[in-house]
Amino acid sequence: MAERSNSMKDQEDVAEIRKALATGSGSSQSSTSVSSVPPIVCYCIASILMTVINKFVVSGRDFNMNFLLLAIQSSVCVACVVAVKKLGIISFRDFDSKDAKAWFPISVMLVGVIYTGSKSLQYLSIPVYTIFKNLTIILIAYGEVIWFGGRVTGLTLVSFILMVASSIIAAWADISDALTAGDPAVAEALSGLSSVTGVVTKLNVGYFWMFMNCATSAAYVLTMRKRIKGTGFSDWDTMFYNNLLSIPVLAVASIVAENWGYDNLSRNFPPETRNFLLFAIAFSGAAAVGISYTTAWCIRATSSTTYSMVGALNKLPVAASGMIFFGDAVTFGSVSAVGVGFFAGLVYAVAKINQKKAEMAAQHGVIPLANRTS
């Protein structure tokens, strides 16, 4: 009898562990017992891998099938999430046509976000892409002020100014490097001028896609925030529906807008690197699942405050990865831009932490020391 009760208790313990993994919940005691180092390291590795692999895939000289790339990534992502659910590690709601109809516009917006991001990575270096991505934070913040009654504090405004400054420095350094690389003094005047014009045009295209990515990302986040309240989606529900519903949109867009001729497919996926390229695309889809899981793991094992600081600090190694793996220029301008952007992220994280503390104090009726009268 005692053995039976012990067996039942063991099964209950296993069920509780699986439930904690699936929902991201658990007692405060178990959260504090988990080391905070592994989730932070895994989150950083996952985000760096995702950026580097996407840059590698779209950096092919003749690559132009971005919709197909994204369709494959979304398919792999859905397959991974469903497989992990079957193993009982995570849980999310089953597919429901009513939820799908409500969420479909969000998935279409996500397609725009991912597509513009892949196009900007195709034309810009990773450090420049990482720095300009900060501008999305500014758009989201003021969008929350307009539509959700949010508030921008003085310290937050300082971080925004630093973000804009880092973007200007990055653009200046990027264009300066491009002009130096195509210096007319190196070659004939006419061919040199043509080279410079071509490089600057390429950068202008990259910055266009980057600003489009910032705008669509902000619109996506703000719209999703409102829609999540209506559907009650969890993080895994959001990931499942986002990727599943985006597959038909991406497939149709690829068939309609992209060249599926044999010659173009051969240029995009050269026979000598085809297998490795397809593996990299599939791996990047799996890495997207890794980012979602490590994000939840990081918040669960540490705190949302620590996670926000990690997100700010992580911009430095992500930018550095471009310099290491893709030979992006390491100049005073590029390093300064990364440094200012890194500092801006830290200031923003501190500003949000202070704002959250002030809001919690106000909810509990605590008067800040600075406002107390003797």
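Quick look at the structure, then. (Residues numbered from 1 in each chain as written. Predicted model: local features only at pLDDT ≥ 70, side-chain atom pairs only at ≥ 80, totals over all residues. Heavy atoms only, no water.)

This part covers the overall build of the protein. Across its full length, the protein carries 15 helices and zero strands. Residue pairs in contact within the protein that sit at least 24 positions apart in sequence constitute 85% of those at least 6 positions apart. Accessible surface computed for the protein: about 20000 Å², of which carbon and sulfur atoms make up 67%. (Helix = DSSP H or I, 4+ residues; strand = E, 2+ residues; numbered from the N terminus. Contact = heavy atoms within 4.5 Å. Areas by Shrake-Rupley, 256 points an atom, 1.4 Å probe, with all protein chains shown as cover.)

Helix length check: helix H4 (residues 66-86), at 21 residues, gives a terminal C-alpha distance of 30 Å against a target of 30 Å (1.5 Å per residue), a fit within 8%. Within the span of H4, buried status applies to Asn66, Phe67, Leu68, Leu69, Leu70, Ala71, Gln73, Ser74, Val76, Cys77, Val78 and Val81. Glycine 88 occupies a position one or two residues after H4 and carries a positive phi of about 80°. (Expected span 1.5 Å × (residues − 1). Buried < 20%, exposed > 50% of the residue type's maximum accessible area, 1.4 Å probe, protein only.)

Side chains of Val37, Val41, Ile45, Leu49, Phe56, Phe276, Phe279 and Phe283 sit close together on the surface and give an oily, nonpolar patch of about 730 Å² of accessible area. Elements supplying a minimum of two residues to the nonpolar patch: helix H3 (37-58) and helix H12 (274-301). The dominant element in the nonpolar patch, judged by the number of residues it contributes, is H3, at five residues. (Patch = residues over 30% accessible without salt bridge, like charges linked within 9 Å, V, L, I, M, F, W, Y side chains within 5 Å. Salt bridge = Lys/Arg side-chain N within 4 Å of Asp/Glu carboxyl O.)

Turning our attention to the packing of aromatic side chains. Both the distance between ring centres and the angle between the ring planes are used here to describe each pair of aromatic rings. Counted according to the given criterion, the structure contains 12 aromatic pairs. Ring centres of phenylalanine 56 and phenylalanine 276 lie 5.6 Å apart, and the angle between their planes is 75°; this geometry places the pair in the edge-to-face category. One end of the pair, phenylalanine 56, is in helix H3; the other, phenylalanine 276, is in helix H12, with 220 residues separating them in the sequence. By relative accessible area, phenylalanine 56 is classed as partly exposed at 35%. An aromatic cluster is built from Phe67, Tyr115, Phe208 and Trp209, whose rings are joined through pairwise contacts. When the ring centre of phenylalanine 92 is taken as origin, the NZ or CZ atom of lysine 85, which lies over that ring, is 4.5 Å away. (Phe/Tyr/Trp six-rings, centres within 6.5 Å; stacked < 30°, edge-to-face > 60°. Lys NZ or Arg CZ within 6 Å of the ring centre and 35° of its normal.)

The subject of this paragraph is the pattern of salt bridges. Tallying each qualifying case throughout the model produces three salt bridges. Between aspartate 99 and arginine 93 there is a salt bridge, with its nearest N and O atoms 3.4 Å apart. Its relative accessible area of 15% is what places aspartate 99 among the buried residues. Here aspartate 237 ties to arginine 93 by a salt bridge, and the two come within 3.4 Å at their closest N and O atoms.

What follows deals with the packing of H3 against helix H5 (residues 97-123). Running from N to C, H3 and H5 point in directions that differ by 70°, and their axes come no closer than 9 Å. By the criterion of interaxial angle, the relationship of H3 to H5 is roughly perpendicular. The segment H3 lies against H5, with Thr51, Asn54, Lys55 and Val58 engaging Ser118, Leu121 and Gln122. Here the contact of H3 with H5 is built from residues that sort into two nonpolar, four polar and one charged. (Axes fitted to C-alpha atoms, helices over the stretch in contact; angles between N-to-C directions. Parallel < 35°, antiparallel > 145°, perpendicular 65-115°, else oblique. Nonpolar A, V, L, I, M, F, W, Y, C, P; charged D, E, K, R; others polar.)

Our focus in this paragraph is the environment of proline 317. Take proline 317: it is sitting in helix H14 (residues 315-325). Spatially, the C-alpha atoms of proline 317 and valine 338 are 9.9 Å apart, while their sequence positions differ by 21 residues.

Glancing now at the packing of H4 against H5. Angle between the axes and distance between the axes: these two values describe a pair of packed helices. Running from amino to carboxyl end, H4 crosses H5 at an angle of 120°, the nearest separation of the two axes being 10 Å. When the axis of H4 is compared with that of H5, the two are oblique. Viewed along their axes, H4 and H5 form a crossing whose handedness is right-handed. Between H4 and H5, the contacting residues are Asn66, Phe67 and Leu70 on the first element and Val111, Ile114, Tyr115, Ser118, Lys119 and Gln122 on the second. Partitioned by chemical class, the residues of the contact of H4 with H5 number five nonpolar, three polar and one charged. (Left-handed = near helix turned anticlockwise from the far one by under 90°.)

Turning to the environment of serine 176, a few remarks are in order. Within the fold, serine 176 resides in helix H8 (residues 154-181). By relative accessible area, which is 25% here, serine 176 ends up partly exposed. Taking the C-alpha atoms as reference, serine 176 lies 9.0 Å from glycine 333; in sequence the two are 157 residues apart.

On to the environment of tryptophan 103, then. Inspection of the secondary structure assignment puts tryptophan 103 in helix H5. Distance from tryptophan 103 to threonine 238, taken between C-alpha atoms, is 8.8 Å for residues 135 residues apart in sequence. In this view, tryptophan 103 contacts Met224, Arg227, Ile228, Thr231, Phe233, Thr238, Tyr241, Asn242 and Leu245; residues no more than four positions away in its chain are not counted.

This brings us to the nonpolar core. Counting residues in hydrophobic clusters, the biggest one holds 36 residues, and the most contacted among them are Val57, Phe132 and Phe269. Apart from residues no more than four positions distant in its own chain, phenylalanine 269 is found in contact with Phe63, Met65, Leu68, Arg274, Leu277, Leu278 and Ile281. Grouped together as the second largest cluster of nonpolar side chains are 22 residues, Tyr220, Met239, Tyr241 and Ala287 included. (Core = buried A, V, L, I, M, F, W, Y, C linked by side-chain atoms within 4.5 Å.)

Another point: H5. Its 27 residues give H5 an end-to-end C-alpha distance of 38 Å, which sits within 8% of 39 Å, the value for a rise of 1.5 Å per residue. The largest bend in H5 is about 45°, located at tryptophan 103, with the proline proline 105 one to four residues further on. The N-cap residue of H5 is aspartate 96: its side-chain oxygen and the backbone nitrogen of lysine 98 are 3.0 Å apart. (Bend = angle between axes of the 7 residues up to and from the residue. Polar contact = N/O pair within 3.5 Å; in protein donor to acceptor, adjacent residues only side chain to side chain.)

Inspection of the secondary structure assignment puts asparagine 242 in helix H10 (residues 235-257). For asparagine 242, the side chain forms a polar contact with the side chain of tryptophan 103, separated by 2.7 Å. Residues contacting asparagine 242, with those up to four places away along its chain left out, are Trp103, Ile106, Ser107, Leu110, Tyr220 and Met224.

Functional significance is not addressed by these values, which are geometric in nature.
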